Amino acid sequence: MVAHGHGHGLTGLYMAFPAFLLFFQGSALPASPLSSLVHSNNNNDGAILEVKPLVYECGPHCKCPPSCYMRVSQHGIKIKLELFKTESRGWGVRSLESIPVGSFVCEYAGELLEDKQAEVLTGKDEYLFNLGNEEDPFTIDAARKGNIGRFINHSCSPNMYAQDVLYEYDETRIPHVMFFAQEVIRPLEELTYDYNYKIDQVRDSNGNIKKKFCYCGSAECSGRLY
Ligand SMILES: C[S@@+](CC[C@H](N)C(=O)[O-])C[C@H]1O[C@@H](n2cnc3c(N)ncnc32)[C@H](O)[C@@H]1O
């Protein structure tokens, strides 16, 4: 399987789609979600300035209003984004406006797969995002259903990071994957994140190492996506 994703560089990404919601019906929230919040570097403007292992936002069980500053990424895309054709990497996504550092940009939406399901998918693995739990791996598949997040390309010098976020349930194996700006992003600059592949670790169904060149154009480019 070829999926990009968190930390492990195994292989791809996910929004709350119906299958996922059904799966989580009845999941319990922690007794006090606020007590589990990662507060540091989350300022009153709703900016998260560096990636955290996990961020709890306020959820349906909190008494705070929808405008609460602990509801950073759950209201959807607020920035004008544009899909455009890149020269060498297919479709890409750029912002039509300036994005302040730490701002929420968009979610990676798709269907939730158990890793075993993902393994049997063939030919459509470029839209897989691995949620990164080694023992209980889940994958977000944006091949058939997804949002604009599925068109965001990889860069070896990315301007966004993927942040795990929970708010409406407490299932740490299946967080929302939310993209935040890790620097000020200028208008018309392409949005990118690090797919986190490990070179020579991606294999085809026969066990042969797969190679893909990286065309991110960064001065720090490693030359290979995987
Ligand atoms: C999640 S999709 C991104 C959207 C894709 N460009 C499209 O047109 O649908 C991932 C695929 O985009 C291409 N891609 C993304 N970043 C790339 C990069 N830096 N260099 C080369 N190809 C890239 C690869 O084909 C990769 O498998």
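Residues numbered from 1 in each chain as written. Predicted model: local features only at pLDDT ≥ 70, side-chain atom pairs only at ≥ 80, totals over all residues.

Looking at an unreviewed UniProt entry, one finds the protein chain named Histone-lysine N-methyltransferase, H3 lysine-9 specific SUVH5-like, with Camelina sativa as its source organism.

> Teacher, can you tell me more about the environment of Gly 110 here?
Structurally, the position occupied by Gly 110 is in the loop between β5 (104-107) and β6 (111-114). In sequence terms Gly 110 and Thr 139 are 29 residues apart; their C-alpha atoms lie 9.2 Å from each other. (Helix = DSSP H or I, 4+ residues; strand = E, 2+ residues; numbered from the N terminus.)

> When you look at the site of the ligand in this model, what are you seeing that I'm missing?
In the neighbourhood of the ligand, 14 residues make up the surrounding shell, with Gly 90, Trp 91, Glu 126, Asn 153 and His 154 lying closest. Of all the secondary-structure elements, those providing two or more residues to the shell around the ligand are β4 (91-95) and β9 (153-154). Its residues assigned to classes, the shell around the ligand shows seven nonpolar, four polar and three charged. (Near = placed C-beta within 6 Å. Nonpolar A, V, L, I, M, F, W, Y, C, P; charged D, E, K, R; others polar.)

> How should I be thinking about the pairing of β6 in this particular structure?
Within a regular strand, the side chains alternate between the two sheet faces. The two faces of β6 differ: Glu 111 and Leu 113 on one face are buried, but Leu 112 and Glu 114 on the other face are not. Across four bridges, the pairing between β6 and strand β8 (residues 138-141) is antiparallel. For Glu 111, the partnering residue across the bridge sits in β8 and is Asp 141. (Buried ≥ 20, exposed ≤ 12 C-beta atoms within 10 Å, placed from the backbone. Pairing = 2+ DSSP bridges.)

> Is there a simple way to think about the nonpolar core in this case?
The tendency in soluble globular proteins is for nonpolar side chains to be buried as a group. Core analysis: the biggest nonpolar cluster contains 47 residues, and Val 105, Met 160, Phe 179 and Phe 180 have the highest contact counts within it. Elements with a minimum of two residues in this core: β2 (55-56), β5, β7 (128-130), β8, β10 (160-166) and β11 (176-181). Ranked by the residues each element gives to this core, the list is headed by β11, at five residues. With residues near it in sequence (within four places) discarded, Phe 179 still touches Val 105, Cys 106, Gly 149, Met 160, Ala 162 and Tyr 193. (Core = buried A, V, L, I, M, F, W, Y, C linked by C-beta atoms within 7 Å. Contact = placed C-beta atoms within 7 Å.)

> Sorry if this is basic, but what is going on with the UniProt feature "domain: Post-SET" (unreviewed entry) in the protein chain here?
Following the UniProt record, the feature "domain: Post-SET" (unreviewed entry) maps to residues 210-226 here. For residues 210-226, helix accounts for 0% and strand for 0%, while the C-alpha atoms at its two ends are 7 Å apart. (UniProt positions renumbered as here; feature names shortened; annotations may be inferred.)

> How do you make sense of the sheet that holds β11 when you look at a structure like this?
With respect to topology, four strands assemble into an open sheet ordered β2-β10-β11-β5, the strand pairing being mixed. Of all the strands in the sheet, the pair left with one neighbour each is β2 and β5. Sheet topology places β10 next to β11; six bridges connect them, and they run antiparallel. Counted as the bridge partner of Val 165 is His 176 from β11.

> Which parts of the structure should I look at to understand unusual backbone geometry?
A negative phi angle characterises most non-glycine residues, just as the trans form characterises most peptide bonds. Positive phi, close to 70°, is recorded for Leu 188, a residue that is not glycine. Mapped onto the secondary structure, Leu 188 falls in the loop between β11 and β12 (192-193). In the Ramachandran plot, Asn 196 falls in the positive-phi region, its phi being about 65° despite a non-glycine side chain.

> Explain the sheet that holds β8 here, please?
Think of a sheet as strands paired side by side through backbone hydrogen bonds, with each pair either parallel or antiparallel. Strands sit in the order β1-β7-β8-β6 across an open sheet of four strands; the sheet is mixed. The sheet is open, and its two edges are formed by β1 (4-5) and β6, each paired on a single side. Two elements, β7 and β8, share three bridges in a ladder whose sense is antiparallel. When the sheet's bridge partners are listed, Asn 130 is paired in β8 with Thr 139.

> How should the pairing of β10 be read in this particular structure?
For β10, the tally of buried residues reaches five of seven residues, placing the bulk of the element in the interior. Here β2 pairs with β10 via two bridges, running parallel. Along β10, the bridge assignment pairs Tyr 56 with Leu 166.

> Any chance you could explain the environment of Ala 143 here in plain terms?
As for its position among the elements, Ala 143 is in the loop between β8 and β9. Classification of Ala 143 as partly exposed rests on a count of 16 C-beta atoms within 10 Å. Sequence spacing of Ala 143 and Lys 210 is 67 residues, and the spatial spacing of their C-alpha atoms is 20 Å.

> How should the confidence of the model for the protein chain be read in this particular structure?
When pLDDT drops low, the exact placement of atoms in the prediction is not to be read closely. For the protein chain, mean pLDDT is 82; residues scoring 70 or higher make up 79% of the total. Confidence drops under a pLDDT of 50 for residues 7-41, and excluding neighbours within four residues, the segment shows 86 contacts in the predicted structure. Across the predicted assembly, pTM comes out at 0.84 and ipTM at 0.99. (pLDDT = per-residue confidence, 0-100.)

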